[in-house]
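The residues making up each chain are set out below.
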Number of protein chains: 2
Amino acid sequence: MEHRTVSLAEQVFERLENEILSGKFPRGTVLTEMNLVTELGVSRTPIREAIHRLEQEHVIETTTKGILILGVTKKDLRDIFEIRLRIEGLASAEAAKRITDEELAELRESLELQEFYVPKNDPEHVRGMDSLFHRLIYRFSGNTALSDALLPLHKKVMKYRLASVSDHSRANSSAKEHRMIYEAIANHDPEAAEARTVEHIKNAMEHILKETNE
Amino acid sequence: MEHRTVSLAEQVFERLENEILSGKFPRGTVLTEMNLVTELGVSRTPIREAIHRLEQEHVIETTTKGILILGVTKKDLRDIFEIRLRIEGLASAEAAKRITDEELAELRESLELQEFYVPKNDPEHVRGMDSLFHRLIYRFSGNTALSDALLPLHKKVMKYRLASVSDHSRANSSAKEHRMIYEAIANHDPEAAEARTVEHIKNAMEHILKETNE
DNA sequence: CTTTTCAGAATTGTATACAATTATACCAGA
DNA sequence: TCTGGTATAATTGTATACAATTCTGAAAAG
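Below: a short report on this structure.

The rules we used
Each residue is numbered by its place in its chain's sequence as written, counting from 1. For naming, the first written chain is A and the first written ligand is 1, with later ones following in the order written. In keeping with the predicted nature of the model, local features appear solely for residues at pLDDT of at least 70, side-chain atom pairs appear and are counted solely at 80 or more, and the whole-chain, interface and lining totals rest on all residues. Only hydrogens and water are set aside when side-chain values are computed; all heavy atoms of the structure are taken into account. The atoms used to superpose the copies are C-alpha atoms, taken from residues with pLDDT of at least 70 in both, and the fit is least squares. A contact between two residues is defined here by any heavy atoms of the two lying within 4.5 Å. At least two bridges found by DSSP between two strands are what make those strands a pair. Labels follow the DSSP assignment, with helices taken as runs of H or I lasting at least four residues and strands as runs of E lasting at least two, numbered in each case from the N terminus. By convention, a stacked pair of Phe, Tyr or Trp rings (six-membered ring in the case of Trp) has centres within 6.5 Å and planes under 30 degrees apart, an edge-to-face pair has planes over 60 apart, and any other such pair is tilted. Any residue under 20% of the maximum accessible area for its type is buried, any over 50% is exposed, and the rest in between are partly exposed; the area is computed with a 1.4 Å probe on protein chains only. Here, a charge over a ring is recorded when the distance from Lys NZ or Arg CZ to the ring centre is within 6 Å and its angle to the ring normal is within 35 degrees. What we call a nonpolar core is a set of buried Ala, Val, Leu, Ile, Met, Phe, Trp, Tyr and Cys residues that are connected through their side-chain atoms within 4.5 Å. Accessible area, probed at 1.4 Å, shrinks when two parts are joined; the buried area is that loss added up over both. Each reported salt bridge corresponds to a side-chain nitrogen of Lys or Arg within 4 Å of a carboxyl oxygen of Asp or Glu. By the convention adopted, Pro, Cys, Tyr, Trp, Phe, Met, Ile, Leu, Val and Ala count as nonpolar, Lys, Arg, Asp and Glu as charged, and the other residues, Gly among them, as polar.

A few words on the relation of the copies chain B and chain A. Taken as rigid bodies, chain B and chain A are interconverted by a rotation of 180 degrees and an axial shift of 0.0 Å, the fit giving an RMSD of 0.0 Å. Those values place the two copies in the arrangement expected of a two-fold rotation axis. Measuring from the rotation axis to each C-alpha of chain B, the shortest distance belongs to Ala-149 of chain B, at 2.7 Å. Comparing interface residues between copies, 100% of those in chain B also sit at the interface in chain A, which points to an isologous, same-surface contact.

Printed below as a string of structure tokens:
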């Protein structure tokens, strides 16, 4: 076996998670391990590892007939935003308290890239940078449990977030809101960081729930 | 293979999680898959599955030297309670809105068992019923994402919760607080359920953090 | 005495063979 | 035609063999 910094199991997990949360497989689809073996060209072992991790995240279910795709419903979306409204501000507040200059530079870079892509009408890249911004804040909060709780919630909005930032006006507002949050964190102002984050999540929620028909 | 309703992998996962979160292995301990094979008497396959699930919960880490036990630190505990303070009330409020009579009976039974064990000075059983009460509320909230977020947080307090309910006076107050929460849910009063739950978590947090030295 | 190199031991990652259960389809009989 | 049963196929669960990397310790060189 040649050197591989990231295991096949990890690669399969990320690929499947991404495909499922992007909506490639409609809810109710049933896959089998052998499907994935032939499609992905690896043995059952790494596939099974990925499957079990996805099952733990309630993205799929394993049945006697195969792997049932659950995906993310609109109700899930509402449920997720109710939670994020309550704890995502905490992540920003904690980050504002303890962020280092290096971390701040990383956060700023993701923000500036987002601002770069917005006028180009490039939703894929905008979403990528939008996501990165949030994930960096989770990490910089220094609260592992909080990061562990928020990350799956954030990932599950992926599909709907693409539709949202495809609306140029919303993409624009979102970038502006991110900048406000960034400024508060850079000023080490937890209260402002929290309040602006809650406002941002509220706006994102309203836009996404409005746009989503399902 | 004989009939088995729950897979070996699941059994190993639950056993290992329980042992680690009970504090059987101190933080920093390194195990290997072969250790567990000889100790548990099953092959590497189900053990590896359990390991990967525990890794996803950040309870252990896999290194080139083996399986590193992380466990739950006092900082983790503070982080966890900050989150629970913000979202556990939501679970109770949602449960108050949508709970059925059957579910209510189940919740009441766990409460009455807790009240039964408290005067007997039986911390293990008290903790078991205390935990069940909370988990039932997560489930009855009807919000899968919320339940998925709260359950790992709740499990990680297990070790410290035993010490807490071993204090008879705290065990008594805890049962009383549970009854107040139960009454609010039974009355389908979301505001009261939420307020009483937040108060309960606050009390639990203060007591646990005070008792914990680590 | 210290440092470096190398061989082997220990460990995880991957593939595959086998076991057991469950679903499916076909056939027989009423 | 419908129902029931049985054999076969499909699927996941488990064990094990093999691959590749990494750690460890001892020996050799300076």
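So that's the structure; there's more coming.
Residues and elements named next belong to chain B. Strand order in the open sheet formed by three strands is E1-E3-E2, and the pairing between neighbours is antiparallel. Of all the strands in the sheet, just strand E1 (30-31) and strand E2 (60-63) have a single pairing partner and so form its edges. Bridging between E2 and strand E3 (residues 66-69) involves four bridges; their strand directions are antiparallel. Within E3, the position partnered with Ile-60 by the bridge is Ile-69.

On to the packing of aromatic side chains. Ring pairs (aromatic) are described by centroid distance and by the angle formed between their planes. If you walk through the whole model with that rule in mind, you get two aromatic pairs over all chains. Relative to Tyr-117 of chain A, the ring of Phe-116 of chain A has its centre 5.2 Å away and its plane inclined at 75 degrees; by these criteria the two rings are edge-to-face. Classification of Phe-116 of chain A as partly exposed rests on a relative accessible area of 42%. We classify Tyr-117 of chain A as buried; its relative accessible area is 17%. Above the face of the Phe-13 of chain A ring, Arg-53 of chain A is positioned so that its terminal group lies 3.8 Å from the ring centre. The ring of Phe-116 of chain B carries the charged tip of Lys-120 of chain B above its face, separated from the ring centre by 4.4 Å.

Let's shift gears to the nonpolar core. Formed by 111 residues in total, the largest nonpolar core has its most connected members in Leu-107 and Ile-185 of chain A together with Leu-107 and Ile-185 of chain B. In this view, Ile-185 of chain A contacts Ser-92, Ala-95, Ala-96, Ile-99, Leu-104, Leu-107, Ile-137 and Ala-193 of chain A; residues no more than four positions away in its chain are not counted.

On to the interface of chain B and chain A, then. Facing the 25 residues of chain B at the interface are 25 residues of chain A. Of the roughly 2300 Å² buried where chain B meets chain A, counting both sides, 49% is carbon and sulfur surface. When the buried area of chain B at its contact with chain A is split by residue, Gln-56, Ile-83 and Arg-86 of chain B rank highest and sum to 27% of it. Where chain B touches chain A, the interface holds two salt bridges. For the side of chain B that touches chain A, the secondary-structure elements that each account for two or more residues are helix H3 (44-56), helix H4 (74-98) and helix H7 (144-155) of chain B. With nine residues, H4 of chain B is the largest single contributor of residues to the side of chain B that touches chain A. Along the lines of polarity and charge, the residues of the side of chain B that touches chain A split into seven nonpolar, six polar and 12 charged.

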